[in-house]
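The residues making up each chain are set out below.
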Amino acid sequence: MTDLRAEALSLAYDDREVVRGLDLELPDGAITAIVCANACDKSTLLRGLARLLKPRARRLHAAASAASSSPVGGVGSTIA
(Lines give C-alpha, C1' and ligand atoms only; values in the text may rest on other atoms or scores of the structure.)
Protein backbone atom coordinates (compact mmCIF):
# COMPACT_ATOMS: atom_id res chain seq x y z
CA MET A 1 0.00 0.00 0.00
CA THR A 2 1.24 3.49 -0.85
CA ASP A 3 0.59 6.02 1.89
CA LEU A 4 1.72 9.10 -0.06
CA ARG A 5 1.69 9.49 -3.84
CA ALA A 6 2.25 12.46 -6.15
CA GLU A 7 1.54 12.42 -9.87
CA ALA A 8 2.92 15.12 -12.17
CA LEU A 9 3.65 17.44 -9.24
CA SER A 10 4.89 20.90 -10.27
CA LEU A 11 5.93 23.57 -7.76
CA ALA A 12 6.99 27.17 -8.34
CA TYR A 13 7.82 30.44 -6.65
CA ASP A 14 6.05 33.10 -8.72
CA ASP A 15 7.24 32.44 -12.31
CA ARG A 16 10.23 30.25 -11.33
CA GLU A 17 9.31 26.57 -11.64
CA VAL A 18 11.53 24.50 -9.35
CA VAL A 19 9.84 21.07 -9.44
CA ARG A 20 8.31 19.87 -12.72
CA GLY A 21 6.28 16.74 -13.43
CA LEU A 22 7.41 14.73 -10.39
CA ASP A 23 5.92 11.27 -9.87
CA LEU A 24 6.55 9.87 -6.39
CA GLU A 25 5.32 6.95 -4.30
CA LEU A 26 6.26 6.58 -0.64
CA PRO A 27 5.14 3.26 0.90
CA ASP A 28 3.40 3.11 4.23
CA GLY A 29 5.86 2.56 7.08
CA ALA A 30 9.00 2.99 4.96
CA ILE A 31 11.88 5.32 5.77
CA THR A 32 12.65 7.47 2.74
CA ALA A 33 15.59 9.82 2.18
CA ILE A 34 15.70 12.68 -0.31
CA VAL A 35 19.35 13.04 -1.29
CA CYS A 36 20.74 15.57 -3.75
CA ALA A 37 23.06 18.57 -3.95
CA ASN A 38 22.66 21.73 -1.88
CA ALA A 39 20.16 24.32 -3.13
CA CYS A 40 18.22 21.89 -5.31
CA ASP A 41 14.83 22.45 -3.60
CA LYS A 42 14.51 19.47 -1.26
CA SER A 43 12.69 21.70 1.23
CA THR A 44 10.44 22.98 -1.55
CA LEU A 45 9.46 19.40 -2.35
CA LEU A 46 8.59 18.72 1.29
CA ARG A 47 6.57 21.96 1.48
CA GLY A 48 4.67 20.92 -1.63
CA LEU A 49 3.94 17.42 -0.33
CA ALA A 50 2.70 18.92 2.95
CA ARG A 51 0.59 21.46 0.97
CA LEU A 52 2.41 24.38 2.59
CA LEU A 53 3.32 25.52 -0.93
CA LYS A 54 0.48 25.52 -3.44
CA PRO A 55 1.33 23.31 -6.43
CA ARG A 56 0.82 24.56 -9.99
CA ALA A 57 -0.30 21.15 -11.19
CA ARG A 58 -0.64 17.96 -9.27
CA ARG A 59 -2.46 14.93 -8.18
CA LEU A 60 -1.44 14.34 -4.58
CA HIS A 61 -2.82 11.55 -2.42
CA ALA A 62 -2.08 10.99 1.26
CA ALA A 63 -3.26 8.07 3.42
CA ALA A 64 -5.53 6.71 0.66
CA SER A 65 -7.45 9.99 0.26
CA ALA A 66 -7.01 12.95 -2.05
CA ALA A 67 -4.80 15.46 -0.23
CA SER A 68 -6.10 18.31 -2.37
CA SER A 69 -9.36 18.13 -0.39
CA SER A 70 -7.69 17.73 3.03
CA PRO A 71 -6.87 20.67 5.33
CA VAL A 72 -3.24 21.75 5.22
CA GLY A 73 -2.53 20.79 8.84
CA GLY A 74 -4.02 17.34 8.33
CA VAL A 75 -1.77 16.51 5.40
CA GLY A 76 1.31 17.91 7.13
CA SER A 77 0.76 15.84 10.24
CA THR A 78 0.20 12.73 8.09
CA ILE A 79 3.52 13.29 6.29
CA ALA A 80 5.46 14.08 9.48
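That block above? That's the structure.
In what follows, the accompanying structure is described.

Rules of the game
Residues numbered from 1 in each chain as written. Predicted model: local features only at pLDDT ≥ 70, side-chain atom pairs only at ≥ 80, totals over all residues. Heavy atoms only, no water. Helix = DSSP H or I, 4+ residues; strand = E, 2+ residues; numbered from the N terminus. Buried < 20%, exposed > 50% of the residue type's maximum accessible area, 1.4 Å probe, protein only. Contact = heavy atoms within 4.5 Å. Areas by Shrake-Rupley, 256 points an atom, 1.4 Å probe, with all protein chains shown as cover. Core = buried A, V, L, I, M, F, W, Y, C linked by side-chain atoms within 4.5 Å.

What follows deals with the overall build of the protein. The number of helices and strands found in the protein is 2 helices and 4 strands. Buried residues in the protein amount to 29% of all 80 residues. Sequence-distant contacts in the protein: of pairs separated by 6 or more residues, those separated by 24 or more amount to 51%. Here the protein displays about 5200 Å² of accessible surface, and carbon together with sulfur accounts for 51% of that area.

One finds Leu-4, Ala-6, Leu-9, Leu-11, Val-18, Val-19, Leu-26, Leu-45, Leu-49 and Leu-53 forming the largest nonpolar core, which totals 10 residues. Only strand E1 (2-13), strand E2 (16-27) and helix H1 (42-49) provide two or more residues apiece to this core. Tallying contributions element by element places E1 first for this core, with 4 residues. Other than its neighbours up to four places away in sequence, Val-18 contacts Leu-11, Ala-12, Tyr-13, Asp-41 and Thr-44.

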